[in-house]
Amino acid sequence: MNAPARHLTIIGAGLAGALLGILLRRRGWDVDLYEKRGDPRVQGYGGGRSINLALAERGRHALRAADADDAVMRHAIMMRGRMVHVGDTEPVLQRYGRDDDEVIWSVHRGDLNIVLLDLAEAAGARLHFDAGLDSVNFDSRRAVFRDPRDRSTREVPFQALVGADGAGSALRAAMHRVHDLGQRSDFLDHGYKELEIPPRGDGGFRIEPNALHIWPRGHYMCIALPNDEKTFTVTLFLPHQAGADGGPAFDQLGDVDAARAFFERDFPSALALIPDFDRDWAGNPVGQLATLYLERWHLDGRAVLLGDAAHAMVPFHGQGMNCAFEDCVALAGHLDANADLATAFAAFEAERKPDAAAIQRMALDNYLEMRDRVDDADYLLQRELELALQDRHPGRFVPHYAMVTFMRIPYSLAMRRTDVQRGILERATAGHASLAALDWNAIDAEVLAQLTPLEDVP
Ligand code: FAD
């Protein structure tokens, strides 16, 4: 039996897979989505990894393109900025943007996935749960799926496969067997563990809900994002192994007593908010973080990868999902523009690979900023100058965070301009403790010489 024309088989009905299913159905494609896990709408969401995610403009734009934004935003909580917790002082809010039009949103991964699955199904995509991709014969165009519950298999013909099956992609492994994809994974020597701040006794939030909380501690940090059931998901990022400086690491915190003592010393204000610390610490695994680099994302017109399957990144810019959603819109656009699948997949890869590489690098850079710099006097002065230059040169000097988070210019362009701007900020503030004595004429001249006006993507 031959697969019908304009048919795509998507592997993975997680965040990107489900969104792509909606976008393609709206364009008249016949779509089958295969998902290894069971249906989260029936048996609850067992996504495992981070419970909530920061959604930014790039992701929201993609959701709007699928008419999914309203349904998702019903579950979202506004985060105006970073609430930085240092020592015994009251936490301070560092706004992300100028006002409430420049914010990010915390969304529960399970709610988001369920909204997108419902919309994909309503749009006519066929959803197959408990169907993990097992093997692929690219010559005969047949894929084998395995039901993890009873290990049974079924073989399915396909026209082309789209890999939205995440960082451990089975499709990527199958493609690599027939063509070297030039794969390299850089594991971060830091991992993460999740804990939970429950609601207050009266049902409200225990701390300020409209912020992303950070407890920066130099080589490590905790963050907390709000959930709409009035909880916070806390994530501790910490080295796996103690270094020469003897700093704390997961390998020293194997038992709950050691972990509690560590929190009592370094995160007492966070610990006070986590009554079930012992249960969470013992029950939740330490997650690995890695950046995945691939030289090729597609196999002629037979298979293509997107999202984490193509370019997993560390989570410190909160852009992995946002980037994956942008991928979906881009792939749908190239499929519209090119009748030939191989041409569409190649054009998609050519457009998105430099941008994925750029956000991968910026995500790594941002870890240093979050854990070590947000309470640093140099950093705060540069941030003050960044905002002043934004006012003096609107549309020309656009802060790094705004370019990545509130705009949709290519990530690679945001990275190039960030590098230029960082140089201007560092040179201008070197040796200064306040903005009062800066040489504004020289700084303005440098901005005008080095930065052209910046227009967002319409
Ligand atoms: P996934 O979400 O991983 O979905 C893959 C799907 O494929 C899953 O449903 C899986 O079950 C399924 N699957 C796997 N194998 C198979 C198979 N063999 N057959 C069939 N199906 C299969 N991003 C943000 O934008 N903002 C954030 O704040 C943010 N925070 C993060 C925090 C942490 C700690 C981590 C680890 C990541 C974070 N990310 C964040 C990144 C984000 O989670 C990912 O980039 C995003 O989930 C990628 O979506 P995806 O659909 O490509 O992959």
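Everything discussed here concerns the structure shown above.
Residues numbered from 1 in each chain as written. Predicted model: local features only at pLDDT ≥ 70, side-chain atom pairs only at ≥ 80, totals over all residues. Heavy atoms only, no water.

J.: So what's going on with the pattern of salt bridges? Which residues, and what values?
T.: Applying the stated rule across the entire model yields 33 salt bridges. The partner of R37 in a salt bridge is E35, with the nearest N and O atoms 3.2 Å apart. You can call E35 buried: its relative accessible area is 8%. When the shortest N-O distance is used, the salt bridge between R302 and D139 registers 3.9 Å. In this pair, R302 is assigned in the loop between β19 (298-299) and β20 (303-305) and D139 in the loop between β9 (132-137) and β10 (142-146), connecting sequence segments 163 residues apart. Residue R302 is classed as buried on the basis of its relative accessible area, which comes to 17%. (Salt bridge = Lys/Arg side-chain N within 4 Å of Asp/Glu carboxyl O. Buried < 20%, exposed > 50% of the residue type's maximum accessible area, 1.4 Å probe, protein only. Helix = DSSP H or I, 4+ residues; strand = E, 2+ residues; numbered from the N terminus.)

J.: An account of helix α7 (residues 256-266) is needed here, citing residue identities and associated values.
T.: Among all positions in α7, only V256, A259, F262, F263 and D266 are buried. Down the axis of α7, the buried set is contained in an arc of 120°. They therefore lie on one face. Projecting away from the buried face of α7 at angles above 90 degrees are the exposed residues D257 and R265. Next to the buried residues of α7 lie β14 (190-197), β16 (221-226), β17 (232-239), α8 (268-271) and α9 (277-283). Between a side-chain oxygen at the N-terminus of α7 and the backbone nitrogen of D257 the separation is 3.1 Å; the capping residue is D255. (Arc of directions from axis to C-beta. Contact = heavy atoms within 4.5 Å. Polar contact = N/O pair within 3.5 Å; in protein donor to acceptor, adjacent residues only side chain to side chain.)

J.: Break down the packing of helix α1 (residues 15-26) against helix α11 (residues 320-337) for me, with residues and values.
T.: At their nearest, the axes of α1 and α11 sit 9 Å apart, and the two run at 30° to each other. Considered as vectors, α1 and α11 are oriented roughly parallel to each other. Taken as a pair, α1 and α11 cross one another with a handedness that is right-handed. Of α11, the residues touching α1 (which contributes L15, A16, L19, L20, L23 and L24) are M321, A324, F325, C328, V329, L331, A332 and L335. Along the lines of polarity and charge, the residues of the contact of α1 with α11 split into 14 nonpolar, no polar and no charged. (Axes fitted to C-alpha atoms, helices over the stretch in contact; angles between N-to-C directions. Parallel < 35°, antiparallel > 145°, perpendicular 65-115°, else oblique. Left-handed = near helix turned anticlockwise from the far one by under 90°. Nonpolar A, V, L, I, M, F, W, Y, C, P; charged D, E, K, R; others polar.)

J.: Mind laying out the environment of G168, listing which residues take part and the relevant values?
T.: Of note, G168 is situated in the loop between β12 (161-163) and α6 (170-178). For G168, a relative accessible area of 69% puts it in the exposed group. Measuring from C-alpha to C-alpha, the distance between G168 and A310 comes to 9.9 Å, with 142 residues separating the pair along the chain.

J.: Which residues make up the environment of Q183, and what values do they have?
T.: Turning to its location among the elements, Q183 is positioned in the loop between α6 and β13 (184-187). Looking at Q183, the relative accessible area reads 35%, which means it is partly exposed. Note: C-alpha distance between Q183 and R422 (239 residues apart in sequence) is 31 Å. Contacts of Q183, omitting those with residues within four sequence positions, involve R172, L292, Y293 and L294.

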